[in-house]
Amino acid sequence: MKKILITGGAGFIGSHVVREFVNKYPDYTIINLDALTYAGNLENLRDIEDKPNYIFIKADITDAKQIRSIFQEYQPDGVIHLAAESHVDRSITDPTAFVMTNVIGTVNLLNAAKEIWSDATGSAQGFAGKRFHHVSTDEVYGTLGETGLFTETTSYDPHSPYSASKASSDHFVRAYYDTYGLPVVITNCSNNYGPNHFPEKLIPLCIHNILNNKPLPIYGNGKYTRDWLYVIDHARAIDLVFHKGKDGEAYNVGGFNEWQNIDLVKELCKQMDEKLDRPAGTAAKLITFVKDRPGHDLRYAIDATKINQELGYEPSVTFEEGLSITIDWYLTNQEWLDNVTSGDYQQYYEKQYQG
Ligand code: NAD
Ligand code: TYD
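Residues numbered from 1 in each chain as written. Chains lettered and ligands numbered in written order. Predicted model: local features only at pLDDT ≥ 70, side-chain atom pairs only at ≥ 80, totals over all residues. Heavy atoms only, no water.

Trainee: Now, about the pairing of strand S5 (residues 131-137): what can you tell me, with residues and values included?
Mentor: When you tally the buried positions in S5, you get 7 out of 7 residues, the bulk of the element. The pairing of S5 with strand S6 (residues 184-189) spans 6 bridges and is classified as parallel. Looking across to S6, one finds that serine 136 is bridged to asparagine 188. For the segment spanning S5, helix H5 (residues 161-180) and S6, crossover handedness is right-handed. (Buried < 20%, exposed > 50% of the residue type's maximum accessible area, 1.4 Å probe, protein only. Helix = DSSP H or I, 4+ residues; strand = E, 2+ residues; numbered from the N terminus. Pairing = 2+ DSSP bridges. Right-handed = clockwise from strand over helix to strand, strands pointing away.)

Next comes the structure, spelled out in structure tokens:
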């Protein structure tokens, strides 16, 4: 039986990865390690929390001693590391939190994995069959102009404190492969969207605001471009790379799906009007151009050729389909959105796990 420790499993992407692994691999034990920051919500995992192959541990990856003792106790065979501070705007107001979790936290996990895996035989031989999968972002590559795509060999050029902290963590992961032979893989994915996305990010924020007739804030001129992937397609890519990727390699993950922010919000407004049975153009009236984000990267776009050709990966849904599923999820889970916006979700852990 394999034990896989997934960090950040109560967050947006992590919860989809945990569900995918718990349901698809009943013979694995899936350990979800999460500090339950503002972004962690165990309600995301209500449907699988009673499964016999699922364990939740509340722990903070910045606490080296605690992480070391969890690794000693549970002896995971694999790590999928998603825990992070993930919002660019928050990184502009509090960069240190990003250094602590994204850089120091990652190094703490690398050290703990290296320690227990080399312990098995007293040498790097114990690394056989083990895997440390670091989940990263396309934002480490910086910004593109009007043309071109990020490949795995594009030089790192981060601009925000968030992307700088993720770039730094990627460098440490590579350094542990080069220096100690730790069996690592890295995935650099484009912007995700889908169910359980925290409503501080563009798509869920706009869904929430349309439902509540509030302004839809578009930074700057709205011409910034992002490459969007449905979150479950990201979880599928992680599953594939975790099991089939080559040690020491990085894989870009994306769906060749670029949208300028303004066009994306207009598409969202159109679908929301239809689904809410409101006259066409109702939601779009809420679009409001606001002050730009400092250091705002113009364009991200992923070349996902490597993961497609080497591992046969392809996204399963088009953007229009994924967006429609996402809006439907928010419309049928307004309680989730209300709990998140009111802060009530933060009591779920106390109720479920502390009696
Ligand atoms: P998220 O903010 O929704 O979730 C992060 C999770 O990590 C939360 O559950 C939080 O409680 C946990 N966490 C934060 N600090 C922690 C700490 N110190 N110790 C333990 N747990 C902690 O993030 P997300 O959007 O799901 O992103 C997950 C990962 O994927 C991140 O590493 C992010 O950089 C990467 N990523 C995100 C996107 C995206 O579009 N959201 C795209 C590419 C890559
Ligand atoms: P976001 O969802 O924060 O993801 P990231 O910054 O990681 O790409 O933002 C996506 C894009 O939308 C980005 O160009 C910033 C822009 N944006 C707005 O225009 N208004 C908003 O209120 C937010 C949150 C983002």
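Trainee: Could you give an account of the sheet that holds strand S1 (residues 3-7), with specific residues and numbers?
Mentor: A sheet is described by the order of its strands in space; here 7 strands give the open sequence S3-S2-S1-S4-S5-S6-S10, paired in parallel fashion. The strands lining the two open edges of the sheet, one partner per strand, are strand S3 (54-58) and strand S10 (250-253). Each neighbouring strand pair of the sheet contributes to a mean axis angle of 20 degrees, computed without reference to strand direction. Those strands touched by helix H2 (residues 64-74) are S1, strand S2 (29-34), S3 and strand S4 (78-81), and its axis lies near 160 degrees from that of S3. Across the sheet, helix H7 (residues 231-244) is in contact with S1, S4, S5, S6 and S10; its angle to S5 comes to roughly 145 degrees. (Axes fitted to C-alpha atoms, helices over the stretch in contact; angles between N-to-C directions. Contact = heavy atoms within 4.5 Å.)

Trainee: Break down helix H11 (residues 334-342) for me, with residues and values.
Mentor: Three or more residues of H11 are buried, namely Trp336, Leu337, Asn339 and Val340. All buried residues of H11 fall inside an arc of 165 degrees around its axis, so they share one side. Buried-residue contacts for H11 involve helix H6 (202-211) and helix H10 (319-332). Phi turns positive one or two residues past the end of H11, at glycine 343, with a value near 90 degrees. (Arc of directions from axis to C-beta.)

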